[in-house]
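# Chains, contacts and geometry: an overview
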Amino acid sequence: MRPITRLLAFLAALSLGVSPAMAQSILRDAETEAFLDDISAPLAEAAGLEPGNLDVVLINDPSINAFVAGGQAVYIHSGLIDAADSANEVQGVIAHEIGHITGGHVIRTGEGWAQASKISLLSLIAGVGAALAGAGEAAMGVIMAGQSAAMSKFLAFSRTQEASADAAGAQYLSDAGISGKGSLAFFGKLLNQEFRLGVSQNDEAGFWRTHPLSGDRISKLRETYEADPAWDRPSDPAIEARFERVKAKLQGYVAKPAHTLRDYPETRQTIPAIYARAYAYHKNAEMDRALTAAETLLEKSPQDPYFLELKGQILLESGRAGEALEPLREATRLTRSEPLIASLFGHALIATEDKDHFEEAEQVLRASVGRDRYNPFAWYQLGVVYAARGDLPRARLASAEQQVMNGDYLTAIRSAQAAEVGLPTGSVDWLRAQDVSLQARALLAQKCDAERGGRECKAF
């Protein structure tokens, strides 16, 4: 598991007001992404979306949350995975968020603000009129009342959207033949959290919320779910087993090792528990124990590509790059060159510092970025290979690709321009250098406009 910036998330951050720091906290892992893709595919199909076009993105954030930010992308916090007890619960959340996508709620949020702004503006005009008439206190009262009315208008709009997403999510679960028990169970967790935080569940409190009261949502959805033919349908045991692995792996990666070892003590010898401890040991720099855990997993399942990936990662990050090649090569083969695993294998080939491995590294890394361009780690490694072989134009192009995704737009423009000068005119890479330069310019202008509130930015 490795955190890698995705251009998709950074674009969402710039264009939709999501914090740009979000782009730096995205977690990418081959096994986790495959799991999220598989559990969301039937829901996407039920919603009339192309499953391959729905992107479920994992954010490294301990809070229990999920959201959409435009396009066909659902963002899930790591804290939500940790809080969930089943894959079925996560599917309930994804179904709800797909409801926001199909309802166009991100785009329509502007409508809610527009309605609220009209009330706010009218109250401001009325308040100014009262002030000019000499009624200063009355003017302030009019303005404050107008602001309150505007906010309540927007919150009512938001609650309507949430209720609509609840209904749509329930329909998608039903159409996909998936039980709503997980959805209700997760809403129950949210309700318990609100009780612990002292959040009131009365109607007056609900008036000032962006979401309907959790208790009300549970009541409405329970009636819908219990009447559905899929209500008593059990979740796929294979999917639930994968969920337990992903959840344990995630905790081992993001949590403090002491917390992971508390929740997954050595007395537990299940695959998820050993998996979690392997990451905890690795994070705690106990490489021998981490490697032993990885070997134990491989004894149970010798051809599991993710266990092979783990072993290779531990060896590589222990300074044993040569020993890491065999498990990483096999993991790459078994996953048919899954891009994230292939990029780690390419890194291991380079880390051997054996020039004889560089040709294979180039092939592996080019295949990786060919299937997943939004991987700055792979672009960086590819740049290293090109530089070592004296191919500076392509090294600069690879650097430009990486720099765009890391938000270093000025440097990306310079790198792309330098690459373009040295590449054969009209070649695929020459055209790509122009594309990267234009992309970096557009993103830089967008970033500048967001930071300066539309004021003219310095030419670049």
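By convention here, each chain's residues receive numbers from 1 onward along its written sequence. Two thresholds apply to this predicted model, a pLDDT of at least 70 for residue-level local features and 80 or more for giving and counting side-chain atom pairs, whereas whole-chain, interface and lining totals are computed over all residues. Values shown for side chains rest on all heavy atoms present in the structure; no hydrogens or waters enter the calculation.

### Some remarks on helix H2 (residues 30-46)
Secondary structure follows DSSP: runs of H or I at least 4 residues long count as helices, runs of E at least 2 residues long count as strands, and numbering of each begins at the N terminus. Take the residue count of a helix, subtract one, and multiply by 1.5 Å to get its expected span. For H2, spanning 17 residues, the distance from its first C-alpha to its last is 25 Å, which sits close to the expected 24 Å at 1.5 Å a residue. At any given residue, the bend is defined as the angle formed between two axes, one fitted to the seven residues that end at that position and one fitted to the seven that begin there. Its maximal kink placed at Ser40, H2 deviates by approximately 35 degrees, while the proline Pro42 follows within four residues. Along H2, the residues classified as buried are Ala30, Glu31, Thr32, Glu33, Phe35, Leu36, Ile39, Ser40, Leu43 and Ala44. Two residues or fewer past H2, Gly48 is found with a positive phi of approximately 85 degrees. With a 1.4 Å probe rolled over the protein chains alone, any residue whose accessible area is under 20% of its type maximum counts as buried; one over 50% counts as exposed, and the rest are partly exposed.

### A short note on the packing of aromatic side chains
Working definition: rings of Phe, Tyr and Trp (its six-membered ring) pair if their centres are within 6.5 Å, and the pair is stacked with planes under 30 degrees apart, edge-to-face with planes over 60 apart, and tilted otherwise. Scanning all chains against the criterion turns up 4 aromatic pairs. The interplanar angle of 40 degrees and the centroid separation of 6.2 Å between the aromatic rings of Phe35 and Phe243 together place this pair among those described as tilted. Highlighted residues: Phe35 in helix H2 and Phe243 in helix H10 (residues 237-254), separated in sequence by 208 residues. In terms of burial, Phe35 and Phe243 fall into one category: buried. Between Tyr275 and Phe307 the ring centres are 5.2 Å apart and the planes differ by 85 degrees, which places this aromatic pair in the edge-to-face class. Linking Tyr275 in helix H12 (residues 271-283) with Phe307 in helix H14 (residues 305-317), this pair joins segments that are 32 residues apart in sequence. Each member of the aromatic cluster is reached from another via a ring pair, and the members are Tyr275, Tyr279 and Phe307. Each ring is checked for a lysine NZ or an arginine CZ that lies within 6 Å of its centre and within 35 degrees of its normal; such an atom marks a charge sitting over the ring. Lys181 extends its terminal NZ or CZ atom over the ring of Trp231, reaching a point 5.3 Å from the ring centre.

### Comments concerning the pattern of salt bridges
The salt bridge definition used is simple: a Lys or Arg side-chain nitrogen within 4 Å of an Asp or Glu carboxyl oxygen. Enumeration according to the criterion identifies 26 salt bridges in this entry. In this structure, Glu295 and Lys311 form a salt bridge, with 3.0 Å as the shortest nitrogen-oxygen distance. Of the two residues, Glu295 is situated in helix H13 (residues 287-300) and Lys311 in helix H14; the sequence distance between them amounts to 16 residues. Salt bridges sharing common partners tie together Asp29, Glu31, Arg245, Lys249 and Asp304.

### Some points on the packing of H12 against H13
Two measures define how a pair of helices packs: the angle their axes make with one another and the distance between the axes. Direction vectors running N to C along H12 and H13 enclose 155 degrees, while the axes themselves pass 8 Å from each other. By the angle between their directions, the pair H12 and H13 is classed as roughly antiparallel. Handedness of the crossing formed by H12 with H13: left-handed. When H12 is examined against H13, the residues Ile271, Ile274, Tyr275, Ala278, Tyr281 and His282 are found in contact with a partner set consisting of Met287, Arg289, Ala290, Ala293, Thr296, Leu297 and Lys300. In this classification, the charged set is Asp, Glu, Lys and Arg, the nonpolar set is Ala, Val, Leu, Ile, Met, Phe, Trp, Tyr, Cys and Pro, and all remaining amino acids, among them Gly, are polar. Here the residues of the contact of H12 with H13 sort into 9 nonpolar, 2 polar and 2 charged. Helix axes are fitted to C-alpha atoms over the stretch in contact, other axes to C-alpha atoms as well, and angles between N-to-C directions run from 0 to 180 degrees. Between 65 and 115 degrees an angle is taken as roughly perpendicular, under 35 as roughly parallel, over 145 as roughly antiparallel, and anywhere else as oblique. Handedness of a helix crossing follows the sense of rotation of the near helix relative to the far helix, less than a right angle counterclockwise being left-handed and clockwise being right-handed. Only heavy atoms enter the contact rule, under which two residues are in contact if any of them lie within 4.5 Å.

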